[in-house]
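Examination of the molecular architecture
Here are the chains, one letter per residue:
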Amino acid sequence: MKFRKSKTNDVKSIMKIINQAQEFFKNKGIDQWQNNYPNEDTIIGDIKNVESYVLEKDGEVVATSMVTFKGEPTYESIYDGKWLSNNKYAAIHRVAVSNNHKGLGLSTEIIKCVEQLCVDSGVHSIKIDTHEENIPMQRVLEKNGFKYCGIIYVDDSSKRIAFEKLL
């Protein structure tokens, strides 16, 4: 497995994985990643900002994520709880795994790789949010030592549950 920064020629593979995730959420009745988000422009923006990453296995993109160290404006207000820290952090967004590679622990692999990015950058906190009905992601977060911190609201005013892990 190789965790690396995404390149423009990865967009097609990333979007295939994102579209699979959107279909999964739709079929489960989860209102996350619907209404044309994230879309190709979102991913291209992540790549231009050098915040898009892929997990590659045998030359094939099998998972994707966005990682930023620039802060997350929607994390400035948290309700019904509080963050574990107010220090510099990495925020993880848009984690998705190819349908052909689900159940292999690739979301955990992404988290482990982001932890290493943090260690290399002297950052000791990772924050992430997910839809309250996205139970698979919540399980991954809990399994990997993330603690529930409260509620945040994303740009379109949708409610998300927020987690943090201290390294």
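This text gives an overview of the structure that appears in the document. Since the structure is predicted, the reported quantities are computational estimates derived from the model, not experimental observations.

1. What to know about the environment of C113
Along the chain, C113 falls in helix α3 (residues 106–121). Once the C-alpha coordinates of C113 and I92 are considered, the two residues, 21 residues apart in sequence, prove to be 11 Å apart.

2. Brief notes about the side chain of S52
Tracing the backbone through its elements, the reader meets S52 in strand β2 (residues 52–57). Looking at S52, the relative accessible area reads 4%, which means it is buried. Looking at S52, its side chain comes within polar contact range of the side chain of S6, at 2.7 Å. Discounting chain neighbours no more than four positions away, the residues touching S52 are R4, K5, S6, I14, D46, I47 and S65.

3. Considering the packing of aromatic side chains
Taken as a whole and assessed by the stated rule, the structure comprises seven aromatic pairs. Among the aromatic residues, those joined into a cluster by ring pairs are F24, F25 and W33. Across the ring face of F24, the terminal group of K102 is positioned such that the distance to the ring centre comes to 5.5 Å. Stacked on the ring of Y89, the Lys or Arg K127 has its end atom at 4.3 Å from the ring centre.

4. Looking at the packing of helix α1 (residues 11–28) against helix α2 (residues 40–48)
Remark: α1 packs on α2, axes separated minimally by 10 Å, with the N-to-C direction vectors making an angle of 130 degrees. The angle between the axes of α1 and α2 places the two elements in the oblique class. As for the relative orientation of α1 and α2, their crossing is right-handed in sense. In this structure, α1 uses V11, I14 and M15 to contact α2, whose residues at the interface are E40, I43, I44 and I47. Looking at side-chain class alone, the contact of α1 with α2 contains six nonpolar, no polar and one charged residues.

5. Let's talk about the environment of H101
Relative to the assigned elements, H101 resides in the loop between β4 (90–97) and α3. When its relative accessible area of 10% is taken as the criterion, H101 is described as buried. Sequence separation between H101 and K57 is 44 residues, and the spatial gap between their C-alpha atoms is 9.9 Å. Sequence-distant contacts of H101, that is, excluding residues within four places in its chain, are made with K57, E60, V62 and L106.

6. Here's the deal with the sheet that holds strand β3 (residues 60–68)
Taken together, the seven strands give an open sheet; going across it, the order is β1-β2-β3-β4-β5-β7-β6, and neighbouring strands pair in mixed fashion. With partners counted over all chains shown, the strands left at the sheet margins are β1 (2–5) and β6 (147–153), one partner each. Each adjacent strand pair in this sheet contributes to an overall mean axis angle of 30 degrees, direction not counted. Inspection of the sheet shows β6 paired to strand β7 (residues 159–166) by six bridges, in the antiparallel sense. For I151, the partnering residue across the bridge sits in β7 and is I161. Most of the contacts of α2 go to β4, to which it runs at about 135 degrees, and overall it touches β2, β3 and β4. Contacting β4, β5 (125–130) and β7, helix α4 (residues 135–143) runs over the sheet at an angle of about 20 degrees to β7.

7. Topic: the packing of α3 against α4
At a minimum axis separation of 10 Å, α3 and α4 run at an interaxial angle of 45 degrees. Regarding the angle of α3 to α4, the classification is oblique. Like other packed secondary-structure pairs, α3 and α4 cross with a definite hand, here right-handed. Where α3 abuts α4, its residues S107, T108 and I111 lie against V140, L141 and K143.

Cut-offs applied
- Residues numbered from 1 in each chain as written.
- Predicted model: local features only at pLDDT ≥ 70, side-chain atom pairs only at ≥ 80, totals over all residues.
- Heavy atoms only, no water.
- Helix = DSSP H or I, 4+ residues; strand = E, 2+ residues; numbered from the N terminus.
- Buried < 20%, exposed > 50% of the residue type's maximum accessible area, 1.4 Å probe, protein only.
- Polar contact = N/O pair within 3.5 Å; in protein donor to acceptor, adjacent residues only side chain to side chain.
- Contact = heavy atoms within 4.5 Å.
- Phe/Tyr/Trp six-rings, centres within 6.5 Å; stacked < 30°, edge-to-face > 60°.
- Lys NZ or Arg CZ within 6 Å of the ring centre and 35° of its normal.
- Axes fitted to C-alpha atoms, helices over the stretch in contact; angles between N-to-C directions.
- Parallel < 35°, antiparallel > 145°, perpendicular 65-115°, else oblique.
- Left-handed = near helix turned anticlockwise from the far one by under 90°.
- Nonpolar A, V, L, I, M, F, W, Y, C, P; charged D, E, K, R; others polar.
- Pairing = 2+ DSSP bridges.

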